[in-house]
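Inside the fold
Residue-level listing of the chains:
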Amino acid sequence: GLPPERLATTSSTCIGKGSYLGGRFVGSVAAALLVMASVPLGIAVGSAMPWQDSEKIGPFVLTHYLYALFVFALPTLLILGAAFFALATATRSMMWTYVGAVGALVLFSGTRIWLRDQQHDTASALTDPFGLSALGITTKYWTAIERNTQLPPLEGLLLGNRLLWLAVAAALFALAWWRFRFEDPSRGKADKASVEEVPPAARSGPLPAPRRDAATGRAQLWALARFDMAFVFRSPAFFVLLFIGVINAGLSAWFVGDFYGSGSYPVTRLMVQALQGAFTIMPIIIAIYYGGELVWRDRDRRMHEIVDATAAADWTHLVPKIVAIALVLAATSLAGAATGMLIQLLKGYTRLEPLNYLLWLVLPSTMGALH
């Protein structure tokens, strides 16, 4: 989306909606493709370095690099770009676009778990927006020589995958075009709210005398930490991210140790291994997003100059935020541990070990996300 202060200027020009959105989309995809093109370029340059063993490197074939770039990289950029472009255009919110990106990643991981058995090869190939499952299925029985010298033909499941997801990308861009408006729908509400009178604060007697001792410092630290924690827990995006993480963790824990119909007892060790692979990324994502939100919130609210002008030391405004994020991450990791124990109970396994979840999952994931 466009910042509100520029929407009115843009809407008064002769630029049409299709030209405006198309230009921004093509420009962003072209920039991403330029970055993606550096990968095969780096591979080609690296293979030509004098310290490489020439007997283990095949001849340089330009079509192989172009095949990877335009059959896999470019369609993937169009698909993901159209999806996030439509989400950002519809919501005009970086927060929900970020949540959508995390949700897409978790959904992709979950579908790979559901469709990993051989009987689901066709569904796995067609539901992979990156095309990697279709590539793996197409070349499943290739020999080493074939893998090193040939390209998979653009037909069958591979061609169907690329065409299907390009059609999805076109539909998402059409949805973005249909939903886009030059006017900012929230601007009128903000202007109306800005003219409302704020009632004066009620005062009853003189202010208490200021104190500077250890007890006051601890009380202030805990009050600021609770304030920052409340900011996170009141955010709908936090619960959406937590729900996505719990669903992904639950699926991984449910199918852990299940290979080709042969299952295992859902012991704590297997549950923790599944959660470490599926849920540990969620506290890191929450730490990255809300760490930035807490730090930049004062600047967004135009309060940073007032905060900087106070007589308090800088660490007094930073330490409560770190404490708040640490407690939020601990609560998130506890939700992951509770998910693992719930899966154990649903599978009829009642030998729960909460202490091992705490030592093997909660503490390591919390510390890792803080780092």
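Below you will find a few notes about this structure. Keep in mind it's a predicted model, so treat the numbers as computed, not measured.

Scanning the protein chain from terminus to terminus reveals 16 helices and 0 strands. In the protein chain, of all internal contacts separated by at least 6 residues, the share reaching a separation of at least 24 is 77%. Summed over all atoms, the accessible surface of the protein chain reaches about 23000 Å², with 68% contributed by carbon and sulfur.

Let's shift gears to the side chain of glutamine 344. Looking at the element boundaries, glutamine 344 is found in helix α15 (residues 315-346). Its relative accessible area of 0% is what places glutamine 344 among the buried residues. Separated by 2.8 Å, the side chain of glutamine 344 and the backbone oxygen of proline 266 make a polar contact. If we ignore the near neighbours within four places in the chain, the residues touching glutamine 344 are Pro266, Val267, Thr268, Met271, Tyr349, Leu352 and Tyr357.

A separate point is the environment of isoleucine 15. With respect to the helices and strands, the residue isoleucine 15 is situated in the loop between α1 (4-11) and α2 (17-47). Apart from residues no more than four positions distant in its own chain, isoleucine 15 is found in contact with Tyr20 and Phe182.

Its place among the elements puts threonine 339 in helix α15. In this structure the side chain of threonine 339 is engaged in a polar contact, spanning 2.8 Å, whose partner is the backbone oxygen of alanine 335. When residues no more than four places from it in sequence are discounted, the contact partners of threonine 339 are Val246, Ala249 and Gly250.

Moving on, we get to helix α12 (residues 268-278). Among the residues making up α12, those that are buried are Thr268, Leu270, Met271, Val272, Ala274, Leu275 and Ala278. Structurally, α12 contributes buried residues whose contacts are with α11 (236-255), α13 (281-300), α15 and α16 (354-370).

What follows deals with the packing of aromatic side chains. Per the stated rule, a full pass over the model turns up 10 aromatic pairs. For the pair phenylalanine 233 and phenylalanine 238, a centre-to-centre distance of 5.4 Å together with 75° between the ring planes defines the contact as edge-to-face. The partly exposed category is assigned to phenylalanine 233, whose relative accessible area is 29%. In this structure phenylalanine 238 comes out as buried when scored by relative accessible area, which is 2%. The rings of Phe233, Phe238, Phe239 and Tyr290 are connected pair by pair, giving a single aromatic cluster. In this arrangement the basic side chain of lysine 347 is found over the ring face of tryptophan 254, its NZ or CZ atom lying 5.0 Å from the centre.

Let us now look at a nonpolar patch on the surface. A grouping of Leu334, Leu355, Leu358, Leu359, Trp360 and Leu363 is seen on the molecular surface, where their side chains present a nonpolar patch of about 560 Å² in accessible area. Of all the elements, α16 adds the most residues to the nonpolar patch, at 5 residues. By the element assignment, leucine 334 lies in helix α15.

For the rest of this paragraph, the subject is the packing of helix α3 (residues 62-91) against helix α4 (residues 94-114). Packing of α3 against α4 leaves a shortest axis separation of 9 Å and a crossing angle of 150°. Seen along the crossing, α3 lies across α4 with a hand that is right-handed. The residues of α4 that touch α3, namely those facing Phe84, Leu87, Ala88 and Thr91, are Trp96, Thr97, Gly100, Ala101 and Ala104. Classifying every residue of the contact of α3 with α4 gives 6 nonpolar, 3 polar and no charged.

So, about the pattern of salt bridges. Evaluation of the coordinates by the stated rule reveals 1 salt bridge. Aspartate 121 is paired through a salt bridge with lysine 140; the nearest N and O atoms lie 2.7 Å apart. Highlighted residues: aspartate 121 in helix α5 (residues 121-126) and lysine 140 in the loop between α6 (132-138) and α7 (144-149), separated in sequence by 19 residues. With a relative accessible area of 17%, aspartate 121 lands in the buried category.

Residues Phe238, Met282, Ile286, Tyr290 and Tyr357 are the most contacted members of the largest nonpolar core, which totals 38 residues. Non-local contacts of isoleucine 286, meaning those with residues more than four positions away in its chain, are made with Phe238, Leu241, Gly291, Val328, Leu329 and Thr332. One finds Tyr20, Ile79, Phe180 and Phe182 within the second-largest nonpolar core, a separate group that totals 17 residues.

When the terminal C-alpha atoms of α3 are compared, their 42 Å separation across 30 residues agrees well with the 44 Å that a helix rising 1.5 Å per residue should span. The largest bend in α3 comes to about 30°, at alanine 73, with the proline proline 75 one to four residues further on. Positioned one or two residues after α3, arginine 92 has a phi angle of 50°, which is positive.

Let's shift gears to the environment of methionine 229. By the element assignment, methionine 229 lies in helix α10 (residues 214-233). Along the sequence, methionine 229 and leucine 327 sit 98 residues apart, while their C-alpha atoms lie 7.8 Å from each other. With residues near it in sequence (within four places) discarded, methionine 229 still touches Ala324, Leu327 and Val328.

Rules of the game
- For every chain, the first residue of the written sequence is number 1, and numbering continues from 1 onward in sequence order.
- In view of the model being predicted, local features appear only for residues whose pLDDT reaches at least 70, and side-chain atom pairs are presented and counted only at 80 or more, with totals across whole chains, interfaces and linings using the full set of residues.
- Hydrogens and waters are ignored; side-chain quantities use all the structure's heavy atoms.
- Working definition: helices are DSSP H or I runs of at least four residues, strands are E runs of at least two. Numbering for both runs from the N terminus.
- Residue contacts are defined here by distance: any two heavy atoms, one from each residue, within 4.5 Å place the two residues in contact.
- Only the protein chains shown count as covering a residue, and every accessible area follows the Shrake-Rupley method with a 1.4 Å probe.
- Only protein chains enter the area calculation, which uses a 1.4 Å probe; residues under 20% of their type maximum are buried, those over 50% are exposed, and those in between are partly exposed.
- Polar contacts, as counted here, are pairs of nitrogen or oxygen atoms within 3.5 Å of one another; within protein the pair requires one atom able to donate a hydrogen and one able to accept it, and residues that are adjacent in sequence qualify only if both atoms are side-chain atoms.
- Pairs were defined over the aromatic rings of Phe, Tyr and Trp, the Trp ring being its six-membered one, requiring ring centres within 6.5 Å. Orientation was assigned from the angle between planes: stacked under 30 degrees, edge-to-face over 60, tilted for the rest.
- Look at NZ for Lys and CZ for Arg. If either is within 6 Å of the ring centre and within 35 degrees of the ring normal, a charge sits over the ring.
- What goes into a patch is any residue over 30% in relative accessible area without a salt bridge, connected to like charges within 9 Å or, for nonpolar side chains (Val, Leu, Ile, Met, Phe, Trp, Tyr), within 5 Å.
- Between Lys or Arg on one side and Asp or Glu on the other, a salt bridge is scored when a side-chain nitrogen of the former is within 4 Å of a carboxyl oxygen of the latter.
- Note on definitions: angles span 0 to 180 degrees between N-to-C directions of axes, and those axes are lines fitted to C-alpha atoms, for helices only across the stretch in contact.
- By the definition used in this description, the sense in which the near helix is turned from the far one sets the handedness, with an anticlockwise turn below a right angle giving left-handed and a clockwise turn giving right-handed.
- Polarity classes work like this: nonpolar for Ala, Val, Leu, Ile, Met, Phe, Trp, Tyr, Cys and Pro, charged for Asp, Glu, Lys and Arg, and polar for all others, with Gly in that last group.
- Here the nonpolar core consists of buried residues drawn from Ala, Val, Leu, Ile, Met, Phe, Trp, Tyr and Cys, with membership extended through side-chain atoms lying within 4.5 Å.
- To estimate the expected span of a helix, count its residues, drop one, and scale the result by 1.5 Å.
- Bend, at a single residue, is the angle you get between axes fitted to the 7 residues ending at that residue and the 7 residues starting at it.

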